Protein chains: 2
Amino acid sequence: MTTQEVADKLVAYCREGKFDEAAAALYSPDIVSMEAGAPPGMSRESKGIAQVKAKGEWWVANHEVHSGTVEGPLVAGAHFSVAFKFDVTFKPENKRFQMEEIAVYKVAGGKVVYEEFFYAMG
Amino acid sequence: MTTQEVADKLVAYCREGKFDEAAAALYSPDIVSMEAGAPPGMSRESKGIAQVKAKGEWWVANHEVHSGTVEGPLVAGAHFSVAFKFDVTFKPENKRFQMEEIAVYKVAGGKVVYEEFFYAMG
């Protein structure tokens, strides 16, 4: 798949809230995922599909998504970017907030091999 | 200015090829600029408006732009992304190539305070 095809599929999955399916279908076993920040003692970086899937499952289990938009993709060479805006509640603290972030993805061999998220630190 | 306003102005400048004017009008004195890679012995990171302007001037002096497109912006919170595609010649080696990159910008206080470029390393 080209970068454009991977990007279009990822956006389609995310618009349906199918984040797990996106990772299963499109991510390389060697995916590296970088957050803007991490809790004390944790790493910004998750390496490998097992760690990245675990991070995704934690997110889905701990957030209720009330509504959201997925804009993009912008595609350039091996990279593409997407804008995510979600109205969510962080369930452990019953705290509702607006999550807005820019995600950048790198594609190699038809799979996503790198993702990085840009957002303001709370 | 909001993130959206800064993003729209930056894209408008870049579509006119006015990269220097974009930096002069929109960049913080404390801008940090991050490349995907750097030549041996050089840094990926430029800090401060003087270094960032110098990098931009070097780029403009050493490249002939035949054509290009600027797509976006995608805006989310304090960040936005833009896709650049340029057909350029690197003048010192008379080498023509297609430059495609995703740029991510962070806005604070109405100015761009961080930019990062994502592209395949040659």
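Our structure is the block above this text.
The rules behind the values
Residues numbered from 1 in each chain as written. Chains lettered and ligands numbered in written order. Predicted model: local features only at pLDDT ≥ 70, side-chain atom pairs only at ≥ 80, totals over all residues. Heavy atoms only, no water. Pairing = 2+ DSSP bridges. Helix = DSSP H or I, 4+ residues; strand = E, 2+ residues; numbered from the N terminus. Axes fitted to C-alpha atoms, helices over the stretch in contact; angles between N-to-C directions. Contact = heavy atoms within 4.5 Å. Core = buried A, V, L, I, M, F, W, Y, C linked by side-chain atoms within 4.5 Å. Buried < 20%, exposed > 50% of the residue type's maximum accessible area, 1.4 Å probe, protein only. Expected span 1.5 Å × (residues − 1). Arc of directions from axis to C-beta. Least-squares fit on C-alpha atoms with pLDDT ≥ 70 in both. Salt bridge = Lys/Arg side-chain N within 4 Å of Asp/Glu carboxyl O.

Moving on, we come to the sheet that holds strand β4 (residues 79-90) of chain A. Residues and elements named next belong to chain A. The 6 strands are arranged β2-β1-β6-β5-β4-β3 in an open sheet whose pairing can be described as mixed. The sheet terminates laterally at β2 (45-47) and β3 (63-76), the two strands that pair on one side only. Taken over all neighbouring pairs, the strand axes of this sheet differ in orientation by 20° on average, direction set aside. Bridge analysis of strand β1 (residues 27-34) against β2 gives 3 bridges, and the strand direction is antiparallel. Looking at β2, one finds that Met 34 is bridged to Glu 45. Strand contacts of helix α2 (residues 19-26): β1, β4 and β6 (111-118), with the helix running at about 125° to β1, the strand carrying the most contacts.

All right, on to the nonpolar core then. Residues Leu 10, Tyr 27, Phe 80, Val 82, Phe 84 and Tyr 105 of chain B are the most contacted members of the largest nonpolar core, which totals 25 residues. Of all elements in the fold, only α1 (3-15), α2 (19-26), β1 (27-34), α3 (49-62), β3 (63-76), β4 (79-90), β5 (95-108) and β6 (111-118) of chain B reach the threshold of two or more residues within this core. Not counting residues up to four positions away in its chain, the partners in contact with Tyr 27 of chain B are Leu 10, Ala 22, Ile 49, Val 52, Tyr 105, Lys 111, Val 112 and Glu 115 of chain B. Residues Val 6, Val 88, Val 107 and Phe 117 of chain A belong to the second largest nonpolar core, which totals 24 residues.

All names here are of chain B. Given a rise of 1.5 Å per residue, 14 residues ought to cover 20 Å, and the 20 Å separating the end C-alpha atoms of α3 matches this to within 8%. Residues Val 52, Trp 59 and Asn 62 constitute the buried set of α3. The arc that holds every buried residue of α3, seen down its axis, measures 105°, which confines them to one face.

Further remarks concern the sheet that holds β3 of chain B. Residue and element names in this part refer to chain B. What the 6 strands build is an open sheet, ordered β2-β1-β6-β5-β4-β3; its pairing is mixed. This sheet does not close on itself; its edge strands, each paired only once, are β2 (45-47) and β3. Within this sheet the neighbouring strands show an average axis-to-axis angle of 20°, counted without direction. On top of the sheet, α2 reaches β1, β4 and β6; it is set at about 125° to β1, its chief contact. Where α3 meets the sheet, it contacts β1, β2, β3, β4, β5 and β6, and its direction lies at approximately 60° from that of β1.

The next point concerns the environment of Trp 58 of chain B. Residues and elements named next belong to chain B. Its location among the elements puts Trp 58 in helix α3. On the basis of relative accessibility, which here comes to 45%, the residue Trp 58 falls in the partly exposed class. Not counting the four nearest positions on each side in its chain, Trp 58 is found in contact with His 63 and Phe 90.

Moving on: unusual backbone geometry. Residue and element names in this part refer to chain A. That bond from Gly 72 to Pro 73 is cis: its omega, 10°, falls within 30 degrees of zero. Looking at where Pro 73 falls in the secondary structure, it is placed in strand β3. Even without a glycine there, the phi angle at Asn 94 is positive, about 45°. Judged by relative accessible area, Asn 94 falls into the exposed class, the value being 64%.

Turning our eyes to something else, we now look at the relation of the copies chain A and chain B. For these two chains of identical sequence, chain A goes onto chain B by a turn of 180° and a shift of 0.0 Å along the axis, with RMSD 0.0 Å. Here the symmetry operator amounts to a two-fold rotation axis. Residue Ser 81 of chain A, judged by its C-alpha, is the member of chain A lying nearest the rotation axis, at 3.5 Å. Take the interface residues of chain A: 100% of them recur as interface residues in chain B, which is what a same-surface contact looks like.

A few words on the environment of Leu 74 of chain B. Tracing the backbone through its elements, the reader meets Leu 74 of chain B in strand β3. A sequence separation of 30 residues divides Leu 74 of chain B from Arg 44 of chain B, and the C-alpha atoms of the two residues are 24 Å apart. Not counting the four nearest positions on each side in its chain, Leu 74 of chain B is found in contact with Glu 71, Gly 72, Leu 74, Ser 81, Val 82, Ala 83 and Ile 102 of chain A together with His 79, Phe 80 and Ser 81 of chain B.

The next point concerns the pattern of salt bridges. Residue and element names in this part refer to chain A. By the definition in use, this model includes 12 salt bridges over all chains. With its nearest N and O atoms 2.8 Å apart, the salt bridge here joins Lys 55 to Glu 35. Of this pair, Lys 55 sits in helix α3 (residues 49-62) while Glu 35 is found in the loop between β1 and β2, placing the two residues 20 residues apart along the sequence. You can call Lys 55 partly exposed: its relative accessible area is 22%. We classify Glu 35 as buried; its relative accessible area is 18%.

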